[in-house]
Amino acid sequence: MEMLYAITTGVLAASGLYLMLRGRTFPVVVGLTLLSYATNLFLFSMGGLTTGGSAIIDGKSNYSDPLPQALVLTAIVIGFAMTAFAVILAMRARGDMGNDHVDGRKAEDKEERR
Amino acid sequence: MSHLIVMPIVLPLAAAVALLLTRFGNPTLKRGLGLATTLALLVISIMLLRQAAGGEIQYYALGNWQPPFGIIMVLDRLSALMLFVTSMLAVGAVLFACGGDDEKGSNFHGLFQLQLMGINGAFLTGDLFNLFVFFEVLLLASYALLVHGGGKARIQSAVHYAVLNLAGSALFLFAVGLLYGATGTLNMADMAQAVSQLPGERQGMVIAGALLLLVVFGLKAAVLPLYFWLPRAYASAPPPVAALFAVMTKIGVYAILRVYWLVFGDQAGPLEALEQSWVWWLSLGTLAIAGIGVLAARDLRLLVAYLVLVSVGTLLAGVGMRSPEAVSGLLFYLVHTTLVTGGLFLLADMIGVQRGKAGTRLVRGRIPRNATALGLLFLIGSMAVAGLPPLSGALGKVMLMSAGDSAQRLWFWPLLLATGLCAIVALSRAGSTLFWRSQASDDGDSLSPWQWAGTGWLLASSPLLVILAGPLAGYTEATAEQLSDPQPMIQAVLIDQGGDQ
């Protein structure tokens, strides 16, 4: 399970990073979202992965670390708010600049790529 | 018993909520509330400063959950000093904003208080994850403040600023996760103890986490490869916001000092000072680049933004020297540079308003109407920021220069002095263009007394710092001494259970 978990986190982070380096705001926002998913998964695994353990301490020895769960919850809330803000900012930039390039470049630019 | 320690966070939060509720209310009411809160914060921070000056480390356990299980706010000399600088700067910025900048968009005062809450929280917290939360609070407020008033330049720089900082937040979480995974705690004092008893196979994780954390703090502090967002964002931000942003880079410097002197202090064994060579060389690079940027700037606001970068390079070089003398010098310089660059951002806007169409661009235009008063303020601000002798910049630089050992001096002295020269050349060129090589005219908008008060408040700090140099240097020396030994902090937070709740 550890291997599958690590690969999933890695692939999410790599895709997020790749999309974040794109030139238009939409892929960048999607990239940020993917990166924050990867972060959440990573944080979650930091208490050690437990299979079939209880969520809280109930006297048995096999329980999962509750702290990463609390951290992930906070990180999800913050990440969600930040994504909402990034979307609004990107829309505002599209409206003000007349294009959706991160650098706000002119539309007739020759080197323009997607 | 004492709830004073948590007041710098609770008070701006309450004020911000009240201000956001009266969003469309009477501007005078909002200004009064914003100003009153900021002044109250100044009073509280002075009280905390006096409380911390005794050298006792106090903490406030939120919800009375004792450390290392609960989140704590820690008050020591360093955090009290940073709170004081922030509230001094905030008073100047709010005074200036009352001159009319706050009504150019909505919610200025509310967002401003939220940002103050984030900044104060970041300075007070003793918990690594809580530091992340307060970073997010101050960043979210700063995103909104950066686009206050709108305009293409602001939106565009805000896109860069927001995306970069969101990526930085993701890295921060990775780093926190790694450190938690390796040490099993988030409380910084507890982590310092855990690092000293670290099993060998977890060392790699801690090193990776610590250096990732350095990337995040470097992004906040705007160190060499991570500074590209800064000049454009600071130059396009509304003036009171740019002034408050003068303390934002210092949060990065503070975080580096706090984390690496406490967690990776002398109890950490092989992991001690693992950030030092990175910070040292990158700070020197930042100084060099910033010197070139200062010379190349064609706009007064951009010039001041590069001066912020110069101060970041200087401060981080002090961190990179990693000696108590250097920390003492850098804290003195930090107080000076934060207040003076904040004042210069305000002054640049006042000059720009009076020059009409030419704005702050360094081209021939018309002479500002209040040329004598503005010119005098510009002279004081430039001399202070470039580090010319009678004012406070020179004192801070001398303290830093005398702190390095001989190998460090070889690199630091020429670079610092050359950057100072760049600043002098650029500022005198800018000043003569603005005030002499222009046509006199009687046009130009008049400036509100609030704006004069805000700028005067911040720029007057430089001569005041010279007069009060003795007590301040004594305080920064004591701070450096307190920082250099992590044991009292660990004991105060973990073993002593008699702390205030």
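Residues numbered from 1 in each chain as written. Chains lettered and ligands numbered in written order. Predicted model: local features only at pLDDT ≥ 70, side-chain atom pairs only at ≥ 80, totals over all residues. Heavy atoms only, no water.

## What to know about the overall build of chain A
Of regular secondary structure, chain A possesses 3 helices and 0 strands. In chain A, the order of α-helices and β-strands from amino to carboxyl end is α-α-α. Sequence-distant contacts in chain A: of pairs separated by 6 or more residues, those separated by 24 or more amount to 52%. Total accessible area computed for chain A in this model is approximately 7,100 Å², and 66% of it derives from carbon and sulfur atoms. (Helix = DSSP H or I, 4+ residues; strand = E, 2+ residues; numbered from the N terminus. Contact = heavy atoms within 4.5 Å. Areas by Shrake-Rupley, 256 points an atom, 1.4 Å probe, with all protein chains shown as cover.)

## Regarding the pattern of salt bridges
All names here are of chain B. Overall, the coordinates contain 7 salt bridges over all chains when judged by the stated rule. The partner of Arg 322 in a salt bridge is Glu 275, with the nearest N and O atoms 2.9 Å apart. One end of the pair, Arg 322, is in the loop between helix H13 (300-321) and helix H14 (324-354); the other, Glu 275, is in the loop between helix H11 (248-262) and helix H12 (276-296), with 47 residues separating them in the sequence. For the residue pair Arg 322 and Glu 275, the accessibility class agrees, reading buried in each case. (Salt bridge = Lys/Arg side-chain N within 4 Å of Asp/Glu carboxyl O. Buried < 20%, exposed > 50% of the residue type's maximum accessible area, 1.4 Å probe, protein only.)

## Some words on a nonpolar patch on the surface
Residue and element names in this part refer to chain B. Where nonpolar side chains cluster on the molecular surface, the patch consists of Leu 295, Leu 421, Ile 424 and Val 425 and spans about 300 Å² of accessible area. Its location among the elements puts Leu 421 in helix H17 (residues 406-435). Of the residues examined, Leu 421 reaches a relative accessible area of 54% and is grouped as exposed. (Patch = residues over 30% accessible without salt bridge, like charges linked within 9 Å, V, L, I, M, F, W, Y side chains within 5 Å.)

## A word on unusual backbone geometry
All names here are of chain B. In this structure, Asn 64 is a non-glycine residue whose phi angle is positive, near 60 degrees. Residue position: Asn 64 is located in the loop between strand S1 (58-61) and strand S2 (72-75). Notably, Arg 322 is not glycine yet its phi reads approximately 50 degrees, a positive angle.

## Side note on the interface of chain A and chain B
Each partner contributes to the interface: chain A provides 29 residues, whereas chain B provides 29 residues. In total, chain A and chain B occlude about 2,600 Å² of area from one another, counting both sides; carbon and sulfur atoms represent 84% of this. Three residues, Met46(A), Met82(A) and Leu89(A), lead the burial of chain A against chain B; their summed loss comes to 21% of the area buried on that side. On the surface where chain A and chain B come into contact, there are 0 salt bridges. Counting the contacts that link chain A with chain B gives 4 residue pairs in polar contact (both at pLDDT 80 or more). Listed by contribution, the elements that provide at least two residues to the side of chain A that touches chain B are helix H2 (25-45) and helix H3 (66-97) of chain A. Looking at which element gives the most residues to the side of chain A that touches chain B, the answer is H3(A), with 14 residues. For the side of chain A that touches chain B, the residue count by class is 20 nonpolar, 5 polar and 4 charged. (Buried area = accessible area lost by both parts, 1.4 Å probe. Polar contact = N/O pair within 3.5 Å; in protein donor to acceptor, adjacent residues only side chain to side chain. Nonpolar A, V, L, I, M, F, W, Y, C, P; charged D, E, K, R; others polar.)

## Some details on the packing of helix H3 (residues 77-97) of chain B against helix H20 (residues 469-484) of chain B
Residues and elements named next belong to chain B. Where H3 meets H20, the axes come as close as 9 Å, and the angle between the chain directions of the two elements is 135 degrees. In terms of axis orientation, H3 runs oblique to H20. Across the interface between the two elements, Arg 77, Leu 78, Ala 80 and Leu 81 of H3 pack against Leu 472, Tyr 475, Thr 476, Ala 478, Thr 479, Gln 482 and Leu 483 of H20. Taken together, the residues that form the contact of H3 with H20 break down as 7 nonpolar, 3 polar and 1 charged. (Axes fitted to C-alpha atoms, helices over the stretch in contact; angles between N-to-C directions. Parallel < 35°, antiparallel > 145°, perpendicular 65-115°, else oblique.)

## Some remarks on the packing of aromatic side chains
Taken as a whole and assessed by the stated rule, the structure comprises 21 aromatic pairs over all chains. In this structure an aromatic cluster arises from ring pairing among Phe85(A), Tyr143(B), Tyr161(B), Trp229(B), Tyr234(B), Phe245(B) and Phe345(B). Positioned above the aromatic ring of Trp261(B) is the side chain of Arg322(B), whose terminal nitrogen or guanidinium carbon lies 5.0 Å from the ring centre. (Phe/Tyr/Trp six-rings, centres within 6.5 Å; stacked < 30°, edge-to-face > 60°. Lys NZ or Arg CZ within 6 Å of the ring centre and 35° of its normal.)

## Some words on helix H18 (residues 449-459) of chain B
Residues and elements named next belong to chain B. Taken together, the buried positions of H18 are Gln 451, Gly 454, Thr 455, Leu 458 and Leu 459. Angularly, the buried residues of H18 cover 120 degrees about the axis, an arc narrow enough to put them on a single face. In this structure, the buried residues of H18 make contact with H3, H14, helix H15 (371-386) and helix H19 (461-467). Its side-chain oxygen at 3.0 Å from the backbone nitrogen of Trp 450, Ser 448 defines the N-terminal cap of H18. (Arc of directions from axis to C-beta.)

## Re the environment of Val310(B)
All names here are of chain B. Here Val 310 lies in helix H13. Sequence separation between Val 310 and Ala 237 is 73 residues, and the spatial gap between their C-alpha atoms is 19 Å. With residues near it in sequence (within four places) discarded, Val 310 still touches Leu 287, Ala 290, Gly 291, Val 294 and Thr 419.

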